[in-house]
Amino acid sequence: MTVAKEQALRAVKSVSRTVGRLTAGSRLVPGFLIVGAQRCGTTSLFKTLSQHPGVLPPAYHKGVHYFDMDYHRGMSWYLGHFPTTGKAEAVKAQIGVRGITGESSPYYMFHPLAGQRIARDLPSVKLLVLLRDPVERAYSAHSHELARGYETETDFERALALEESRTAGERERMISSASYASEHLQHNAYLARGRYIEQLERLEALVGRDRMHVIDSDDFFADPRPSFDAVCDFLGLPRWADIAFGKHNSRSRSPMSAELRTRLEDHFAPYDDRLAAWWGRVPSWRR
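Here we summarise the structure given alongside this text. For clarity, every value in this text was computed on a predicted model and none was experimentally measured.

Rules and cut-offs
Residues numbered from 1 in each chain as written. Predicted model: local features only at pLDDT ≥ 70, side-chain atom pairs only at ≥ 80, totals over all residues. Heavy atoms only, no water. Helix = DSSP H or I, 4+ residues; strand = E, 2+ residues; numbered from the N terminus. Rg over C-alpha atoms; globule rule 2.2 N^0.38 Å. Buried < 20%, exposed > 50% of the residue type's maximum accessible area, 1.4 Å probe, protein only. Contact = heavy atoms within 4.5 Å. Phe/Tyr/Trp six-rings, centres within 6.5 Å; stacked < 30°, edge-to-face > 60°. Lys NZ or Arg CZ within 6 Å of the ring centre and 35° of its normal.

**Topic: the overall build of the protein chain**
Consideration 1: Helix and strand counts for the protein chain stand at 13 helices and four strands.
Consideration 2: Whereas a compact globule of 287 residues would reach a radius of gyration of roughly 19 Å, the protein chain reaches 19 Å, a difference of no more than 12%.
Consideration 3: In terms of principal-axis extent, the alpha carbons of the protein chain reach across some 55 × 40 × 40 Å.
Consideration 4: Relative to its 287 residues, the protein chain shows a buried fraction of 50%.
Consideration 5: Long-range pairs, those at least 24 residues apart, make up 76% of the contacts in the protein chain with a sequence separation of at least 6.

Rendered as C-alpha cells:
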C-alpha cells in the first residue's frame, strides 16, 4: 500500500470512528468476542465467521482492542466501531435471526484486567477461545513478535530464558495502575500464554462456564465444518453451508530441536492435564 493510500485510509477510519461515537446509541453491542489465545487461529475463525450472513463485523478492524489497550477511550468510542441496530434487523428479515456483531482481540484472555472489564460492560457477551499445542504456540509467537519488532532475541531458547525476568511484576503493575501497559507481558510471555487453564479458570470465575466456548485449533483446521457448526450453535446462529474455510496469518519457521520440544512439553504437561479435566476432553496435542 502506498503512503497516500495509507493516509487516506487513516482519514476514513478517523471520520468513521467520530461518526460511530456520535451514534453509539444506535450501534450493536457485541454478542461475541474471540478472546484468544494468540497464534491459535483467531484470525482464521474471525474471517470464517464474517462470511456468515448473520454476523456483522466491525468496520476496518477484526480486533478493536478496547478492553486491553484502549479502555480509557470509553464505551461510546468502542460501540462506534460496530454496525447499527438497523442492519441487525435487516438481517433478521433475510435469515430469520437478528444479526450479531463481535470482534477478535486475542490479548483479552491473557490481559490482567480485560476479563473484569468485559464481565462488567458486556454482561451477556459470549466468549470464543481457540487453543493449540502450547509448544507450537510459543514458537509461533516468537516468530511473530520477531517479525513485528517486539522481540529482539532471534534465538527462541534465549527469549524463553528471558521471559521470567522480563515479565516479573508486570501483572501486578497493570492491576495497580490501569494506565500501565506492559510490552513484555503482551509480546514476550511465550510460556505464560500457553498455560491456558490459568486463563480459562480466571474467565470462568468472571463470566461463567456457559458463556465460554473452547475450540481445539488443530481439530478446526483438520475438519472445520463440525467445529464451525458448534460455534454457530453456541452463538444462536443457523448453521450455514456456504462458507469457505481457510488458514490465515500463519508463518513459516525452521523446525524446533527435539530436546527443546521435549523440555517444553514437560513444562506444559501439568497445565494440559488440568485443562483436559476442566474441558472434559483431551486436547489434540496430547492424544
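That covers the picture; the talk isn't over yet.
**Some details on the packing of aromatic side chains**
Consideration 1: One pass over the full model with this rule turns up 13 aromatic pairs.
Consideration 2: A ring pair is formed by Y66 and Y78, whose centres lie 4.6 Å apart and whose planes are at 15°; its orientation type is stacked. Of this pair, Y66 sits in the loop between α2 (42–49) and α3 (75–79) while Y78 sits in helix α3, placing them 12 residues apart in sequence.
Consideration 3: A ring pair is formed by F220 and F221, whose centres lie 5.3 Å apart and whose planes are at 55°; its orientation type is tilted.
Consideration 4: The exposure class of F220 is buried, given its relative accessible area of 3%.
Consideration 5: Site record: aromatic cluster; members linked through ring pairs are Y66, F67, Y71, W77, Y78, F82 and Y108.
Consideration 6: Positioned over the ring face of F234 is K126, at 5.2 Å from the centre of the ring.

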